[in-house]
Amino acid sequence: MANYSPLDPWLDLNQILCIEESRVIGRDQTVSWQGKRYLIQDGNRTLYNYLAMFRTDLKGRTRVFVLEAEVEMSENDSKGNSLIRFSVKRKQL
């Protein structure tokens, strides 16, 4: 008889079975990853010195997390720069 527990339905296997790389967020709210700079914003709060976690799943899809909250990506070209803007979206409990 095999002893096992069913998987927790709230468990996201894509966050476990992935390649994870961390970057420290700088004073200017940016991180560098794969040769590009990314801007991370969270309203009026500074994220300086927090970790941004880049998680690439088995299908090659990369998601970014700060404080275990997934951040949304959108390009920021309004000022003529090549930064990519992230904003932290909070999970509703």
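Further up the page is the structure itself.
What counts and how
Residues numbered from 1 in each chain as written. Predicted model: local features only at pLDDT ≥ 70, side-chain atom pairs only at ≥ 80, totals over all residues. Heavy atoms only, no water. Phe/Tyr/Trp six-rings, centres within 6.5 Å; stacked < 30°, edge-to-face > 60°. Helix = DSSP H or I, 4+ residues; strand = E, 2+ residues; numbered from the N terminus. Buried < 20%, exposed > 50% of the residue type's maximum accessible area, 1.4 Å probe, protein only. Lys NZ or Arg CZ within 6 Å of the ring centre and 35° of its normal. Core = buried A, V, L, I, M, F, W, Y, C linked by side-chain atoms within 4.5 Å.

Asks: Just to check I follow, could you spell out the packing of aromatic side chains for this structure?
Replies: For any pair of aromatic rings, the description consists of the separation of the ring centres together with the inter-plane angle of the planes. Under the criterion given, the structure shown has three aromatic pairs. Taking 4.5 Å as the distance between ring centres and 15° as the angle between the ring planes, the aromatic pair formed by Trp-33 and Phe-54 counts as stacked. Of this pair, Trp-33 sits in strand S2 (residues 30–33) while Phe-54 is found in strand S4 (residues 51–57), placing the two residues 21 residues apart along the sequence. Look at Trp-33 and you get buried, because its relative accessible area is 6%. Between Tyr-38 and Phe-54, the aromatic rings sit 5.8 Å apart at their centres with planes inclined by 55°, giving tilted as the arrangement. With Tyr-38 in strand S3 (residues 36–41) and Phe-54 in strand S4, this pair connects stretches of sequence that are 16 residues apart. Ring pairing ties together the aromatic residues Trp-33, Tyr-38 and Phe-54, which thus form one cluster. Here Arg-55 stacks its cationic end above the ring of Phe-65, 4.5 Å away from the centre of that ring.

Asks: Can you help me understand the nonpolar core in this one?
Replies: A general feature of soluble globular proteins is that nonpolar side chains tend to end up buried together. Core analysis: the largest hydrophobic core is formed by 11 residues, namely Ile-25, Val-31, Trp-33, Tyr-38, Ile-40, Leu-47, Ala-52, Phe-54, Val-64, Val-66 and Val-71. Among the secondary structure elements, those contributing two or more residues to this core are S2, S3, S4 and strand S5 (62–66).

Asks: Please explain unusual backbone geometry as it appears in this structure.
Replies: Most peptide bonds adopt trans geometry, and most residues besides glycine take a negative phi value. Despite not being glycine, Gln-34 has its phi angle at roughly 50°, a positive value. On the secondary structure map, Gln-34 appears in the loop between S2 and S3. Positive phi, close to 55°, is recorded for Leu-67, a residue that is not glycine. Along the polypeptide, Leu-67 turns up in the loop between S5 and strand S6 (69–75).

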